[in-house]
Amino acid sequence: MSSRILGIESSCDETAAAVVADGREILSSVVASQIDVHRKYGGVVPELASREHLRQIVPVVREAMAQAGMKLGELGAIGVTQGPGLVGALLVGITYGKTLAAALGKPLVAVNHLEGHVHAVFLEAHKTGRQPNLPAVCLIVSGGHTVLYAVKRESETGREGSGLLSYRKLGQTRDDAAGEAYDKVAKLLGLGYPGGPILDRLANAANGAPAPVKFGPTKTRGNPLDFSFSGLKTAVLYHVREHAEYGPEIHRREEAIERGERKFEELLPLCTPQTLGLVREFQNAVVRDLVERTMAAAEELSVGSVLVSGGVAANSQLRETFEKRAKTAGMEVFFPSRALSTDNAAMIAAAAYPRLRAGILADVTLNADPSLALA
Ligand code: KG4
Ligand code: ZN
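Structure report, in brief. What you see is a predicted model; the values in this text were computed from it and never measured. (Residues numbered from 1 in each chain as written. Chains lettered and ligands numbered in written order. Predicted model: local features only at pLDDT ≥ 70, side-chain atom pairs only at ≥ 80, totals over all residues. Heavy atoms only, no water.)

### Some points on the sheet that holds strand 3 (residues 25-33)
(1) Moving on: The strand order 3-2-1-4-5 describes an open sheet built from five strands, whose pairing is mixed. The sheet terminates laterally at strand 3 and strand 5 (108-112), the two strands that pair on one side only. Ignoring strand direction, the axes of neighbouring strands in this sheet form an average angle of 20°.
(2) Moving on: Pairing of strand 1 (residues 4-9) with strand 4 (residues 77-83), which is carried by four bridges, proceeds in the parallel orientation. Counted as the bridge partner of Ile5 is Ala77 from strand 4.
(3) Moving on: Where helix 4 (residues 113-127) meets the sheet, its contacts fall on strand 1, strand 2 (14-21), strand 3, strand 4 and strand 5, and the angle it forms with strand 5 comes to roughly 95°.
(4) Moving on: Packed on one face of the sheet, helix 13 (residues 346-357) meets strand 1, strand 2, strand 3, strand 4 and strand 5 and runs near 125° to strand 1. (Pairing = 2+ DSSP bridges. Helix = DSSP H or I, 4+ residues; strand = E, 2+ residues; numbered from the N terminus. Axes fitted to C-alpha atoms, helices over the stretch in contact; angles between N-to-C directions. Contact = heavy atoms within 4.5 Å.)

What follows is the structure in C-alpha cells.
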C-alpha cells in the first residue's frame, strides 16, 4: 500500500495541503495565507476565514498534487484536521477531504491540529537526521494555543509498532495564548497584524535601549505549569496609557501601516528607543515564562528532549534561550523550521501516518470538533 498521504489543514487562517511519504518525507507543501484578508481587522474574522478557505481549497490541493508530481489516485490516504479550530473553517477542509476520500475510495484519517504541531518537530528532525528521544516534553505555542504536554510512545497493546504517540497535558494558558499576546501588544503599539514577526525583530533591534518598565515573572495559583499572558498584555496597555509620549509615534505607525508600509525597515525608524525598550521587555517576559515553565516540566519528568512547535516557535529569542537552557540542563531541544512552525498541512499528513498504520480511520460521519482535545 502506498504510504503517500495528502494532508489538508483549514482550522484557522491558512488553507494548506501537502503530500508526505511514510510520515516523514515532504513531497509538497502548499500554504495559502489569509493574513491580507484579516489584517485590517487586527485578527482572524471567522466568517471571512470560511469564505477564503472555500475559494482556496481546490487550487491549493491541486497545487500540492502537482508539486508532488502525483495523481489523486496514487494517494494512500487523506488526512484532514478535525479540530481544534474555527468550526466553519474546519468544515471546509473536512467536507473536501471526506468527499475526496469517498470519490477515490481511499482511507480518511482525522487529525488533531495540535498533534500536527507535534509532528512538525519530527518532520524537521528527520530532515536534519536527528531524532528526539521519547518521552519528551512538548510546548505548543501559537496564536490560538499555549499548552505543555508529556509525549511518549503509545504503549497500548498491539499499537506499539505503528509509531502512535500518547499525550498527557501538563499545563496550559489560563487566558490568552502567547501569540495572541504578541498580536494584541503589536496592535496597541500601532505595529499591525500579525504581531509576532515584527515584535521579534524590533526586540532584537532594541540593543541597549533603556527599559521604560520591567515586567516580573507571572505567578499563577494552582498548577505551576499553567501559563497566563493577559496580565502582561494589560500591563503593557496601562504603561502606554500612562505615558502620553507614546501617542504620537503610535499614530505615525498606524498611518504608515494604513499606507501599506508594514515592513520592519519601514517601521523601525518610526520607533523611539523607549518603544524598542518596551518591546524588548515584553518579549523578555514572554520568553522567560515559556522557557522556565517548559524546562521546569522537563526537569521534573527527567526527559532528555524538549520539543517546541507552533507559530511562536519561530521566535528567534525563544529559540536561542531554549538552546542555552537545554544545553545547561543536558537536554536536547527540537524546533521545526520556521515554515513548519506555523500552520501547514505537511504536519497534518505526518500525524495521519501512524493513525493510518494503527487502523484508526474516519468515515463520512466525521464532523468538525472546534474544541477537540489532545489530552
Ligand atoms: O501556528 P500559527 O501559524 O497559527 C495558530 O495556530 O495560531 O501561529 C500564529 C501566531 C501569531 O500569533 C503570530 O503573531 C505568532 O504565531 N508568531 C510569532 C512569530 N511568528 C509568528 N510570535 C513571536 N515571534 C515570531 N517570530
Ligand atoms: Zn496551529
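### Thoughts on the site of ligand 1
(1) Moving on: The environment of ligand 1 is made up of 21 residues, and the closest members are Gly143, Asp183, Gly196, Asp200 and Asn315.
(2) Moving on: At 3.2 Å from an oxygen atom of ligand 1 is found a main-chain nitrogen or oxygen belonging to Gly144.
(3) Moving on: Secondary-structure elements contributing two or more residues to the shell around ligand 1 are helix 4, helix 5 (178-188) and helix 6 (196-204).
(4) Moving on: Classifying every residue of the shell around ligand 1 gives five nonpolar, 12 polar and four charged. (Near = heavy atom within 4 Å. Polar contact = N/O pair within 3.5 Å; in protein donor to acceptor, adjacent residues only side chain to side chain. Nonpolar A, V, L, I, M, F, W, Y, C, P; charged D, E, K, R; others polar.)

### What to know about the coordination of the zinc ion (ligand 2)
(1) Moving on: At the metal site, the zinc ion (ligand 2) is ligated by His113 (NE2), His117 (NE2) and Asp343 (OD), and these contacts range over 2.1 Å.
(2) Moving on: Note that the zinc ion (ligand 2) binds four donor atoms; their angles at the metal cover 92 to 143°, and the shape is irregular.
(3) Moving on: Spacing between the donor residues of the zinc ion (ligand 2) along the chain follows H-x3-H-x225-D. Of the two residues, His113 sits in helix 4 while Asp343 sits in the loop between helix 12 (338-341) and helix 13, which places them 230 residues apart along the sequence.
(4) Moving on: Residue class for His113 comes out buried when judged on its relative accessible area of 3%.
(5) Moving on: Assessed through its relative accessible area of 13%, Asp343 is described here as buried. (Donors = N, O, S within 2.8 Å, 3.2 Å for Na, K, Ca; no water. Tetrahedral: all angles 85-135°; square planar, octahedral: opposite > 155°, others 65-115°. Buried < 20%, exposed > 50% of the residue type's maximum accessible area, 1.4 Å probe, protein only.)

### Some words on the side chain of Glu124
(1) Moving on: Assignment of secondary structure puts Glu124 in helix 4.
(2) Moving on: On the basis of relative accessibility, which here comes to 12%, the residue Glu124 falls in the buried class.
(3) Moving on: At 3.0 Å, the side chain of Glu124 forms a polar contact with the backbone nitrogen of Ser337.
(4) Moving on: Beyond its immediate chain neighbours, meaning those up to four positions away, Glu124 contacts Phe335, Pro336, Ser337 and Leu340.

### Let's talk about the sheet that holds strand 8 (residues 165-172)
Sheet strands line up and pair through hydrogen bonds in the backbone, either parallel or antiparallel.
(1) Moving on: If you walk across this open sheet you meet the five strands as 8-7-6-9-10, and the pairing is mixed. Each having just a single partner strand, strand 8 and strand 10 (332-334) make up the two edges of the open sheet. Put simply, the sheet's adjacent strands are angled 25° from each other on average, direction ignored.
(2) Moving on: The pairing of strand 9 (residues 305-309) with strand 10 spans three bridges and is classified as parallel. Along strand 10, the bridge assignment pairs Leu307 with Phe334.
(3) Moving on: Lying over the sheet, helix 10 (residues 273-300) contacts strand 6 (136-141), strand 7 (146-153), strand 8 and strand 9, oriented at roughly 155° with respect to strand 6.

Shape descriptors only; they carry no functional weight alone.
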